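# A structural walkthrough
What follows is each chain in one-letter form.
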Amino acid sequence: PRRTASTASALMIGVGLVSCFTVVAASLTASIKGVVDRSVTADYIVSPQSVTSQGMPPDVATRVAADPEVAVTAPISLTTFHWNKDEVQAQGIVPDAIPPAVDVKVQQGAPLTSLHDGDVAISEDAVKNRNLKLGDSVPMQFARPGAHNQRVVTVYARNPLLGDYLLTRTLTQSTGIQVLDILVLVKGKAGVSQADLRTHVQNAVKDFPDTQVQNNQEYKDSAAQSINVLLNLLTALVLLAIVIALLGVVNTMALSILERVRELGL
């Protein structure tokens, strides 16, 4: 029994890992769907088609905004800055475009539409973690030389889509090196059907083959599918470990029976 239990422990670990991966995947999927349902009020989301892509060039948002059927184009870029010894990520936004496309609850300070290049909007989590308040100065060192002291003008509720630090997109493009957009949120004009708007947006980004145009439900399904691909890969590896463990149990039991038969014979 001791030998069999030792061999079967690999089987137990395999089952535990499969259960753990399944729970994590389900949690991530539910989290992504919840973020989109609570935050995104745009009609369509333009995003990179490849999961390994770092983002889209700014021309994508420019092409979409130029379409006459589009009322709001809200690109969101991602940049990195250094705060003392910490490396922190910030999102670059177009202040006037975010409120119609994303549901952001401002808790303190000015609305996001009044955000300027010298300002920064911070989430409630970052305010607590960094012990900040309205009017404080945040030292930011970007990729290009030169320190920027951004003034805290807005505190907004937790929003995973926007992260913890919001800067103007013009600032991130001027201080970063090849700053790319991770998302472009699109809202159509009144009276434009969803089908017509999709056609116009797809025509606007047709010169960028690595982009995809999705509504909210399609974006959620796509994110869930990416997680499921990773889950399936991990599950296959764990199942292989389980098969090996089962063979080990069978081999251990066979050896035990053979040894006991010889003992009884002796």
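See the structure above.
Fair warning: this is a prediction, and the values are worked out from it, not measured in the lab. (Residues numbered from 1 in each chain as written. Predicted model: local features only at pLDDT ≥ 70, side-chain atom pairs only at ≥ 80, totals over all residues. Heavy atoms only, no water.)

## Considering the overall build of the protein
In terms of helices and strands, the protein carries seven helices and 10 strands. For 266 residues, the compact-globule formula gives about 18 Å, and the C-alpha radius of gyration of the protein, at 26 Å, lies well above that figure. When its C-alpha atoms are laid out on the principal axes, the protein stretches across 90 × 45 × 35 Å. Residues counted as buried form 40% of the 266 residues belonging to the protein. (Helix = DSSP H or I, 4+ residues; strand = E, 2+ residues; numbered from the N terminus. Rg over C-alpha atoms; globule rule 2.2 N^0.38 Å. Buried < 20%, exposed > 50% of the residue type's maximum accessible area, 1.4 Å probe, protein only.)

## Here's the deal with the packing of aromatic side chains
A complete count under the given rule lists three aromatic pairs for this structure. Taken together, a centroid distance of 6.0 Å and an interplanar angle of 55° make the contact between Phe-81 and Phe-142 tilted. Taken together, the positions of Phe-81 in strand 2 (residues 70-83) and Phe-142 in the loop between strand 6 (137-141) and strand 7 (147-156) put the pair 61 residues apart, joining distant regions of the chain. By relative accessible area, which is 0% here, Phe-81 ends up buried. (Phe/Tyr/Trp six-rings, centres within 6.5 Å; stacked < 30°, edge-to-face > 60°.)

## Topic: the pattern of salt bridges
Applying the stated rule across the entire model yields 10 salt bridges. With a shortest N-O distance of 3.0 Å, Asp-207 and Arg-63 are connected by a salt bridge. Remark: Arg-63 occurs in helix 2 (residues 59-65) and Asp-207 occurs in the loop between helix 6 (194-204) and strand 10 (211-214); sequence separation between them is 144 residues. Here Arg-158 ties to Asp-125 by a salt bridge, and the two come within 2.7 Å at their closest N and O atoms. Highlighted residues: Arg-158 in the loop between strand 7 and strand 8 (165-168) and Asp-125 in helix 4 (residues 124-130), separated in sequence by 33 residues. A residue is classified by how much of its surface remains accessible, and Arg-158, at 54% relative accessible area, is exposed. (Salt bridge = Lys/Arg side-chain N within 4 Å of Asp/Glu carboxyl O.)

## Brief notes about the side chain of Arg-198
Examined against the element boundaries, Arg-198 turns out to sit in helix 6. We classify Arg-198 as buried; its relative accessible area is 19%. Excluding its chain neighbours within four sequence positions, the residues that come into contact with Arg-198 are Tyr-44, Val-213, Asn-215 and Glu-218. (Contact = heavy atoms within 4.5 Å.)

## Focus on helix 7 (residues 216-265)
Over its 50 residues, helix 7 extends 72 Å from the first C-alpha to the last, a length consistent with the 74 Å expected when each residue adds 1.5 Å. Among the residues of helix 7, those classed as buried are Tyr-219, Lys-220, Ala-223, Ala-224, Ile-227, Leu-231, Val-238, Ile-242, Ala-245, Val-249 and Thr-252. The opening residue of helix 7 is Asn-215, an N-cap whose side-chain oxygen sits 3.3 Å from the backbone nitrogen of Gln-217. (Expected span 1.5 Å × (residues − 1). Polar contact = N/O pair within 3.5 Å; in protein donor to acceptor, adjacent residues only side chain to side chain.)

## A look at the layout of surface pockets
Over the atoms, a rolled probe matching the size of one water molecule traces out where space is still vacant. Of the volumes computed, that of the largest pocket is approximately 760 Å³. Along the wall of the largest pocket there are 26 residues; nearest its centre are Ser-47, Ile-182, Leu-183, Tyr-219 and Ala-223. Of the residues contributing to the lining of the largest pocket, the split by class is 14 nonpolar, 12 polar and no charged. Reported here for the second largest pocket is a volume of approximately 210 Å³. Along its surface, the second largest pocket is lined by Pro-1, Arg-2, Arg-3, Thr-4, Met-253, Ser-256, Ile-257, Glu-259, Arg-260 and Glu-263. A total of six residues in the lining of the second largest pocket trace back to one element, the largest contributor, which is helix 7. (1 Å grid on protein atoms, 1.4 Å probe; cavity = no way out; pocket = protein on both sides within 12 Å on 5 of 7 lines; lining within 4 Å. Points joined across faces, edges and corners; volume = space filled by probe spheres on them. Nonpolar A, V, L, I, M, F, W, Y, C, P; charged D, E, K, R; others polar.)

## Let's talk about a nonpolar patch on the surface
On the surface, Met-12, Ile-13 and Leu-17 cluster together to form a nonpolar patch covering roughly 300 Å² of accessible area. With respect to the helices, strands and loops of the structure, Leu-17 is situated in helix 1 (residues 2-39). Of the residues examined, Leu-17 reaches a relative accessible area of 37% and is grouped as partly exposed. (Patch = residues over 30% accessible without salt bridge, like charges linked within 9 Å, V, L, I, M, F, W, Y side chains within 5 Å. Areas by Shrake-Rupley, 256 points an atom, 1.4 Å probe, with all protein chains shown as cover.)

## Looking at the pairing of strand 10
The alternating pattern of strand 10 places Thr-211 and Val-213 on one face and Gln-212 and Gln-214 on the opposite face, and all of these are buried. Sheet analysis places strand 1 (residues 44-48) next to strand 10, joined by four bridges and oriented antiparallel. Paired with Pro-48 across the bridge in strand 10 is Thr-211. (Pairing = 2+ DSSP bridges.)

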